[in-house]
Amino acid sequence: MSDRLEFDIDCPNNHNQTVTFSREEFEEALTSGALVFHCNTCDTDWPPSSEEIADLRRQFSLRNLDPLVSLFPESSWRSTPSL
């Protein structure tokens, strides 16, 4: 099984793009300052926002904790009420 994950992001012009990283590739590019996203639709480059960085890290963490998470997308999750 690959350790690379696909993430959906939106460019500044609201075009949906998919990026693929391993956690190591992501952190290395982020640390070196080389992490820049590119939109193939409008040919725009942009740095990730702090919200995008936090979301990518959260998704890596979730998928590392539970390999079944990739089978059940977060959009299908429901919170369970506290008793």
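Keep in mind it's a predicted model, so treat the numbers as computed, not measured.

Rules behind the numbers
Residues numbered from 1 in each chain as written. Predicted model: local features only at pLDDT ≥ 70, side-chain atom pairs only at ≥ 80, totals over all residues. Heavy atoms only, no water. Salt bridge = Lys/Arg side-chain N within 4 Å of Asp/Glu carboxyl O. Helix = DSSP H or I, 4+ residues; strand = E, 2+ residues; numbered from the N terminus. Buried < 20%, exposed > 50% of the residue type's maximum accessible area, 1.4 Å probe, protein only. pLDDT = per-residue confidence, 0-100. Contact = heavy atoms within 4.5 Å. Phe/Tyr/Trp six-rings, centres within 6.5 Å; stacked < 30°, edge-to-face > 60°. Core = buried A, V, L, I, M, F, W, Y, C linked by side-chain atoms within 4.5 Å.

Novice: Quick rundown of the pattern of salt bridges? Include the residues and the values.
Specialist: On inspection of all chains with the given rule, the structure shows three salt bridges. Between Glu-25 and Arg-4 there is a salt bridge, with the nearest N and O atoms lying 2.4 Å from each other. With a gap of 21 residues between them, Glu-25 in helix α1 (residues 23-32) and Arg-4 in the segment before β1 (5-10) connect regions that are remote in the sequence. Accessibility expressed as a relative area gives 38% for Arg-4, which makes it partly exposed. Across the pair Arg-57 and Glu-27 runs a salt bridge, and its minimum N-O distance is 2.9 Å. Remark: Glu-27 occurs in helix α1 and Arg-57 occurs in helix α2 (residues 50-65); sequence separation between them is 30 residues.

Novice: Report on the environment of Asp-8, specifying residues and quantitative values.
Specialist: Here Asp-8 lies in strand β1. Exposure remark for Asp-8: the relative accessible area of 57% places this residue in the exposed category. In the structure, Asp-8 is positioned 12 residues away from Thr-20 in sequence and 9.0 Å away in space, judged by C-alpha atoms.

Novice: Now, about the confidence of the model for the protein: what can you tell me, with residues and values included?
Specialist: When pLDDT is averaged along the protein, the result is 80; 73% of the residues meet or exceed 70. Segment residues 76-83: pLDDT under 50, and three contacts once partners within four positions in sequence are set aside and those in other chains are kept.

Novice: Run through the packing of aromatic side chains, naming residues and quoting values.
Specialist: All told, the structure shown has five aromatic pairs when counted by the stated rule. For the ring pair Phe-7 and Phe-60, a centre distance of 5.1 Å and an interplane angle of 65° mean the geometry is edge-to-face. In this pair, Phe-7 is assigned in strand β1 and Phe-60 in helix α2, connecting sequence segments 53 residues apart. You'll find Phe-7 and Phe-60 in the same group, each marked buried. Geometrically, the ring pair formed by Phe-21 and Phe-26 is edge-to-face, given 5.7 Å between the ring centres and 65° between the ring planes. Phe-26 matches Phe-21 in its accessibility class, with the two residues each being buried. One aromatic cluster is present, formed by Phe-7, Phe-21, Phe-26, Phe-37, Trp-46 and Phe-60 through successive ring pairs.

Novice: Would you mind going over the nonpolar core in detail, with residue names and values included?
Specialist: The biggest cluster of nonpolar side chains holds 15 residues, and the ones touching the most others in it are Phe-7, Phe-21, Phe-26 and Phe-37. Contributions of two or more residues to this core are made by β1, β2 (16-21), α1, β3 (37-39) and α2. Not counting the four nearest positions on each side in its chain, Phe-37 is found in contact with Ile-9, Val-19, Phe-21, Thr-44, Asp-45, Trp-46, Pro-48, Glu-52 and Leu-56.

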